[in-house]
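Fold and geometry: a report
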Amino acid sequence: MQSQPALAATQKNTLLCQLTLRIFAKQLVVLCCAFLLLALTALVPPVLASDNAGTPADTKDGVGRNAVLILSGAQYGIPVTDAMAAYTIAALRERGVSFKDIYVEMLDLVRNESPHWRSVIASALRQKLAKINIGLVIAQNQLALEFLANEGYGIVPSDVPILTTLFTKLDIQWRGTPHPVLNLTSRWDIAGTIRDGMALFPYTRRVVIVAGLDKLQASLHEQTVAVLAAIPEKLELEDTSGLSYAEMLQRISAMPQNSIILFGIYYKDSTGRSFVPAEVAANVAKLANVPVLALYDAHVRQGLTGGSVVVASDVGRRVGEVGFEILTGKLKINGASTDVSLASQPMFDWAQLQRWGADPTKLPLNTIFLNRPRTLWSEYRNEVIAALAVIATLSVLTILLTIQNRRRKRAEEATAALNDQLEEQIERRSAELTARTFELQSIFDCASSGIALIVDRKFVRANRRLHEMLGWPQGEMIGKSVEIWHVDRDAFVTAGIITYERLRNGEIHRREVELKRRDGSRFWVRITGTAVDS
């Protein structure tokens, strides 16, 4: 018999053995599942690769390039570039590109211009993207493309196409073999913006540029000078890029009334201080004492008057559409640089137009108005037009129906009057005819000679005198053959031949003939007959 301690030790050893077996069984199950997943992973790629329709193009070595790299030279939080990236991603996602294959990098080169920072960013991207099969690079702005051409050259193979937008120039120097570049042109429409501004404010004699002191400002100044030189009005040009931010705000708050402001991109002022362009646009809209024209829709939404603007959402969506065509091989880029145009959109703030006393009808018909008062026409124009069309159609139909009813009523009244007249005439003629018939019947009945109307040699009518002469009761001769008054059959036949021959010739038949009465007695009569219309 075991002692109590020995029994406890035996139970403990048994429990440890059971736990060890359970752990071993679980590990075995996990290993089997892992092996099964590895086997499935090895089998899946060939299956997916069997359907190439709508999938990213393959490279020469057979490795599929299905990833998209979106580069922006700005930092996160800039409305224009953020909106473009969001709509580009949305367009790619709608066409089946996975989130895991989309890489977005905000390089923040505006606030960090030092070569060291650019080198650090380039090194980090090389390590990050080393094993990523990038099939397309989307460079959102000039800084991003310049970075790819210099410090960032080689982070993707040189044959990877680059889709660019928001660029001022594409003739940059590459550190190595240039990438094929397709530029979706959405450059500033300075000419259209100035044209719309002059239409709204024809008294303008001065254009004031508000932009930061950077590379983009120089391009903006050059393009504005070229636009002003091409218009017939001689306008003065003032550039505030040499002022500090505070000095610029003070200047625009005291502009001559014959001025308009053209707002560009404001990342840095003359002191090197960094800014967010949309925030600067909002402050300029509050402090400016003259209308402020814009080049981006995001700045109009901050309270600027408006202009022929780059709509970031439209640009982003179009970039995604074109990018997918490039990624799937449906669109090939021929040459080092190619342009695809994208029209700007007239967009103005309704409240600002009212503030400056501008006439919105001077703007193009396709202008988009922000902050316009909600009206039935503006909110439901198509529905209102459809309703008015229906009402107009019903009104026309009602008028036509009313006219038709009136005409029908008049016709019915005329018909009723005509019926009354006809009934009156019929009654009058019937009365006359009745009277005449009675008169003739009286003459017919009272005649001293026998008179008969014979049709097909049968008595149709015969007066009283004829009945008396032939010895027949009144009316009994009607319907009988005239053979009853002939003495025999031969006389009946002969009389018919002679009589009808003369009647057919239009003659009046007269002759004396011997007839017989009902009782068989005979007598001589003189017969006179003529044909009448039946």
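None of the values given here were measured: they were computed from a predicted structure. (Residues numbered from 1 in each chain as written. Predicted model: local features only at pLDDT ≥ 70, side-chain atom pairs only at ≥ 80, totals over all residues. Heavy atoms only, no water.)

1. Re the overall build of the protein
When helices and strands are counted, the protein shows 15 helices and 17 strands. In the protein, the share of contacts with a sequence separation of at least 24, taken over all contacts with a separation of at least 6, comes to 62%. (Helix = DSSP H or I, 4+ residues; strand = E, 2+ residues; numbered from the N terminus. Contact = heavy atoms within 4.5 Å.)

2. Thoughts on a nonpolar patch on the surface
A surface patch of nonpolar side chains, amounting to about 630 Å² of accessible area, comprises Val390, Leu394, Val396, Leu397, Ile399, Leu400 and Ile403. Turning to its location among the elements, Ile403 is positioned in helix H13 (residues 381-446). (Patch = residues over 30% accessible without salt bridge, like charges linked within 9 Å, V, L, I, M, F, W, Y side chains within 5 Å. Areas by Shrake-Rupley, 256 points an atom, 1.4 Å probe, with all protein chains shown as cover. Salt bridge = Lys/Arg side-chain N within 4 Å of Asp/Glu carboxyl O.)

3. Re the pairing of strand S14 (residues 452-455)
Sheet topology places S14 next to strand S15 (residues 458-462); four bridges connect them, and they run antiparallel. If you follow Ile454 over to S15, its bridge partner there is Phe459. Following S14, the chain reverses through two residues before pairing antiparallel with S15; Asp456 in that reversal takes a positive phi of roughly 55°. (Pairing = 2+ DSSP bridges.)

4. Let's talk about the packing of aromatic side chains
Any aromatic ring pair is given by two values, namely how distant the centres are and how the planes are angled relative to each other. In this structure the tally under the stated criterion is seven aromatic pairs. With centroids separated by 5.9 Å and ring planes inclined at 65°, the aromatic side chains of Tyr245 and Tyr266 adopt a geometry described as edge-to-face. Note that Tyr245 is positioned in helix H7 (residues 245-252) and Tyr266 in the loop between strand S8 (259-263) and helix H8 (277-287), a separation of 21 residues in sequence. Here the two residues Tyr245 and Tyr266 agree in accessibility, since each one is buried. Between Phe459 and Trp485 the ring centres are 5.4 Å apart and the planes differ by 90°, which places this aromatic pair in the edge-to-face class. One end of the pair, Phe459, is in strand S15; the other, Trp485, is in the loop between helix H14 (464-470) and helix H15 (489-504), and 26 residues separate them in sequence. (Phe/Tyr/Trp six-rings, centres within 6.5 Å; stacked < 30°, edge-to-face > 60°. Buried < 20%, exposed > 50% of the residue type's maximum accessible area, 1.4 Å probe, protein only.)

5. Overview of the nonpolar core
Membership of the largest hydrophobic core comes to 55 residues, with the highest contact counts inside it found for Leu163, Ile190, Ile194, Leu220 and Tyr296. Residues in contact with Ile190, not counting those within four places in the same chain, are Leu220, Gln223, Thr224, Val227, Leu262 and Leu295. Ranked by size, the runner-up nonpolar core spans 26 residues in total, among them Leu71, Leu107, Ile121 and Ile155. (Core = buried A, V, L, I, M, F, W, Y, C linked by side-chain atoms within 4.5 Å.)

6. A word on the side chain of Glu151
Within the fold, Glu151 resides in the loop between helix H4 (142-149) and strand S4 (162-165). What Glu151 contacts, discounting residues up to four positions off in sequence, is Arg118, Ala122, Arg126, Glu146 and Arg175.

7. A short note on the pairing of strand S6 (residues 206-210)
Most of S6 is tucked away, with five of its five residues classed as buried. Along S6, one buried face is formed by Arg206, Val208 and Val210 and the opposite face, lined by Val207 and Ile209, is buried too. Summarising the sheet, S6 and S8 pair through five bridges and their orientation is parallel. The residue of S8 that forms the bridge with Arg206 is Ser259.

8. Re the pattern of salt bridges
Inspection of the entire model under this criterion finds 21 salt bridges. Linking Arg95 and Glu321 is a salt bridge whose minimum nitrogen-to-oxygen distance equals 3.7 Å. Highlighted residues: Arg95 in the loop between helix H2 (79-94) and strand S2 (102-106) and Glu321 in helix H10 (residues 312-327), separated in sequence by 226 residues. Of the residues examined, Arg95 reaches a relative accessible area of 32% and is grouped as partly exposed. The residue Asp314 makes a salt bridge to Arg317 at a minimum N-O spacing of 3.4 Å. Pair noted here: Asp314 and Arg317 are both in helix H10, with a separation of three residues, about one helical turn.

9. Let's talk about unusual backbone geometry
A positive phi angle is found at Asp108, which is not glycine, with a value near 55°. Assignment of secondary structure puts Asp108 in the loop between S2 and helix H3 (115-129). On the basis of relative accessibility, which here comes to 12%, the residue Asp108 falls in the buried class. Phi is positive for Arg457, close to 60°, though the residue is something other than glycine.

10. Let's talk about the environment of Val68
Relative to the elements of secondary structure, Val68 occurs in strand S1 (residues 67-72). Separated by 64 residues in sequence, Val68 and Ile132 have C-alpha atoms that sit 9.6 Å apart. Filtering out sequence-adjacent residues up to four positions away, Val68 remains in contact with Leu92, Asp101, Ile102, Tyr103, Leu136, Ile138 and Leu327.

11. Thoughts on the side chain of Thr204
When you line up the elements, Thr204 lands in the loop between helix H5 (190-200) and S6. Relative accessible area serves as the criterion here: at 0%, Thr204 is assigned to the buried category. Polar contacts involving the side chain of Thr204 include one to the main-chain carbonyl oxygen of Phe201, which spans 2.7 Å. (Polar contact = N/O pair within 3.5 Å; in protein donor to acceptor, adjacent residues only side chain to side chain.)

12. Examining the packing of H7 against H8
Their axes nearest at 9 Å, the elements H7 and H8 cross at an angle of 35°. When the axes of H7 and H8 are compared, the crossing they make is right-handed. Facing Tyr245, Met248, Leu249 and Ile252 of H7, the residues of H8 in contact are Val280, Asn283, Val284 and Leu287. For the contact of H7 with H8, the per-class residue count stands at seven nonpolar, one polar and no charged. (Axes fitted to C-alpha atoms, helices over the stretch in contact; angles between N-to-C directions. Left-handed = near helix turned anticlockwise from the far one by under 90°. Nonpolar A, V, L, I, M, F, W, Y, C, P; charged D, E, K, R; others polar.)

13. Examining the confidence of the model for the protein
Scored by pLDDT, the protein has a mean of 84; 85% of the residues are at 70 or more. Within the protein, the element-level pLDDT minimum falls on helix H1 (residues 4-49), averaging 41, and the maximum on strand S9 (residues 292-293), averaging 97. Note that pLDDT drops below 50 for residues 1-26; the model gives that stretch two contacts with residues more than four away or on any other chain. This stretch, residues 28-53, has a pLDDT under 50; its non-local contacts, to residues over four places away or in other chains, come to zero contacts. (pLDDT = per-residue confidence, 0-100.)

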